[in-house]
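# Summary of the model geometry
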Amino acid sequence: NAGVMQNPRHLVRRRGQEARLRCSPMKGHSHVYWYRQLPEEGLKFMVYLQKENIIDESGMPKERFSAEFPKEGPSILRIQQVVRGDSAAYFCASSQLADEQYFGPGTRLTVT
Amino acid sequence: GESVGLHLPTLSVQEGDNSIINCAYSNSASDYFIWYKQESGKGPQFIIDIRSNMDKRQGQRVTVLLNKTVKHLSLQIAATQPGDSAVYFCAEIQRGTDKLIFGTGTRLQVFP
């Protein structure tokens, strides 16, 4: 049973470009969460999705950030017109029930 | 001993000694708590969890203690090994939500 998969592992974007981060949950998991981590800090919740539904997006910035979890395929976190402050590690977690969350290896985004 | 560095507090222990990592959580409405271990460049790894109706839970070499009166959580690691070196985060889930709220983190360094 493969764990949570994220790709790419490293992503470099210039200011103003778009970043797309993908997350494939563990087999059988229908709950997906996205978190952001700055260096030397804890993870900060961004958004919680189930298939085709956004359940809680209270941690998402109001502009430029969006997330989806389609019926088929991975969950996507999309950042438009990236700025240097978006540089961080973005982690996806999945769960079967809304309790124990298993994390992926993360995508490290660097904005130059 | 325990010290506060520029960013994360650091706990240095000798191999074979027991480690105690502490965490103060924020919300008395939280009813589920988890300890995660994060190694450099990796995602958080689940260690042990505890619900608010419990005071103590034991796993293999790890014990979590919960004191709801003072909103305090601790992780005890018995016979600490070099492979235990990592950053440890406590996280809480507030009743009625599904998002993890992470604490600051503590870096555990194990020396021979």
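All figures in this text were calculated on a predicted structure; none of them were measured in a lab.

Next up on the list: the overall build of chain A. Broken down by element type, chain A carries 0 helices and 11 strands. Overall, chain A shows an N-to-C arrangement of helices and strands of β-β-β-β-β-β-β-β-β-β-β. Radius of gyration (C-alpha) of chain A: 13 Å, near the 13 Å computed for a compact globule of 112 residues. Along the first, second and third principal axes, the C-alpha set of chain A runs to 35 × 25 × 25 Å. Counting over 112 residues, chain A shows a buried share of 42%. In chain A, 52% of the contacts between residues at least 6 apart in sequence involve partners at least 24 apart. For chain A, the exposed area adds up to about 5,800 Å²; of that, 47% sits on carbon and sulfur atoms. Side chains of chain A carry 16 positive and 12 negative charges; the gap between the two charge centres is 9 Å.

Take the layout of surface pockets next. Empty space within the largest pocket amounts to approximately 410 Å³. Lining the largest pocket are 22 residues, with Gln37 and Glu40 of chain A together with Gln38, Ser40 and Gly41 of chain B sitting closest to its centre. Within the residue set of the lining of the largest pocket, elements represented by two or more residues are β9 (88-95) and β11 (107-111) of chain A together with β9 (86-94) of chain B. In terms of residue class, the lining of the largest pocket is made up of 10 nonpolar, 6 polar and 6 charged. Taken together, Lys37, Gln45, Phe46, Ile47, Gly59, Gln60, Arg61, Val62, Ile77, Asp84 and Tyr88 of chain B form the lining of the second largest pocket.

Another point: the side chain of Gln38 of chain B. Among the structural elements, Gln38 of chain B can be located in strand β4 (residues 30-38). At 3.0 Å, the side chain of Gln38 of chain B and the side chain of Gln37 of chain A are in polar contact. At 2.9 Å, the side chain of Gln38 of chain B forms a polar contact with the backbone oxygen of Lys42 of chain B. The residues contacting Gln38 of chain B, other than those within four sequence positions of it, are Gln37, Leu43 and Phe91 of chain A together with Gly43, Pro44, Ala86, Val87 and Phe89 of chain B.

The subject of this paragraph is the interface of chain B and chain A. It is common to give the size of an interface as the accessible area that goes away when the parts come together. Facing the 21 residues of chain B at the interface are 21 residues of chain A. When the buried area of chain B at its contact with chain A is split by residue, Asp98, Lys99 and Phe102 of chain B rank highest and sum to 30% of it. Secondary structure elements with two or more residues in the side of chain B that touches chain A: β4, β5 (45-51), β9 and β10 (100-102) of chain B. Of the residues in the side of chain B that touches chain A, the class split is 9 nonpolar, 6 polar and 6 charged.

Attention now goes to the sheet that holds strand β6 (residues 56-58) of chain B. Residue and element names in this part refer to chain B. If you trace the 4 strands from one edge of the open sheet to the other, you get β3-β8-β7-β6, paired in antiparallel fashion. Each edge of the open sheet carries a strand with a single partner, namely β3 (19-24) and β6. In this sheet, neighbouring strand axes are inclined to one another by 15° on average, regardless of whether the strands run parallel or antiparallel. As defined by bridge partners, β6 adjoins strand β7 (residues 62-67) across 3 bridges and the pair is classed as antiparallel. Directly across from Gln58, in β7, lies its bridge partner Thr63.

Tracing the sequence through the fold places Ile93 of chain B in strand β9. Classification of Ile93 of chain B by relative accessible area gives buried; the value is 3%. Counting along the chain gives 30 residues from Ile93 of chain B to Thr63 of chain B, while the straight-line C-alpha distance between them is 19 Å. Setting aside chain neighbours within four positions, we find Ile93 of chain B in contact with Asp99 and Gln101 of chain A together with Ser30, Asp31, Tyr32, Ile34, Asp98, Lys99 and Leu100 of chain B.

Calculation notes
Residues numbered from 1 in each chain as written. Chains lettered and ligands numbered in written order. Predicted model: local features only at pLDDT ≥ 70, side-chain atom pairs only at ≥ 80, totals over all residues. Heavy atoms only, no water. Helix = DSSP H or I, 4+ residues; strand = E, 2+ residues; numbered from the N terminus. Rg over C-alpha atoms; globule rule 2.2 N^0.38 Å. Buried < 20%, exposed > 50% of the residue type's maximum accessible area, 1.4 Å probe, protein only. Contact = heavy atoms within 4.5 Å. Areas by Shrake-Rupley, 256 points an atom, 1.4 Å probe, with all protein chains shown as cover. Lys, Arg positive; Asp, Glu negative; His and termini not counted. Charge placed at Lys NZ, Arg CZ, Asp CG, Glu CD. 1 Å grid on protein atoms, 1.4 Å probe; cavity = no way out; pocket = protein on both sides within 12 Å on 5 of 7 lines; lining within 4 Å. Points joined across faces, edges and corners; volume = space filled by probe spheres on them. Nonpolar A, V, L, I, M, F, W, Y, C, P; charged D, E, K, R; others polar. Polar contact = N/O pair within 3.5 Å; in protein donor to acceptor, adjacent residues only side chain to side chain. Buried area = accessible area lost by both parts, 1.4 Å probe. Pairing = 2+ DSSP bridges. Axes fitted to C-alpha atoms, helices over the stretch in contact; angles between N-to-C directions.

Shape descriptors only; they carry no functional weight alone.
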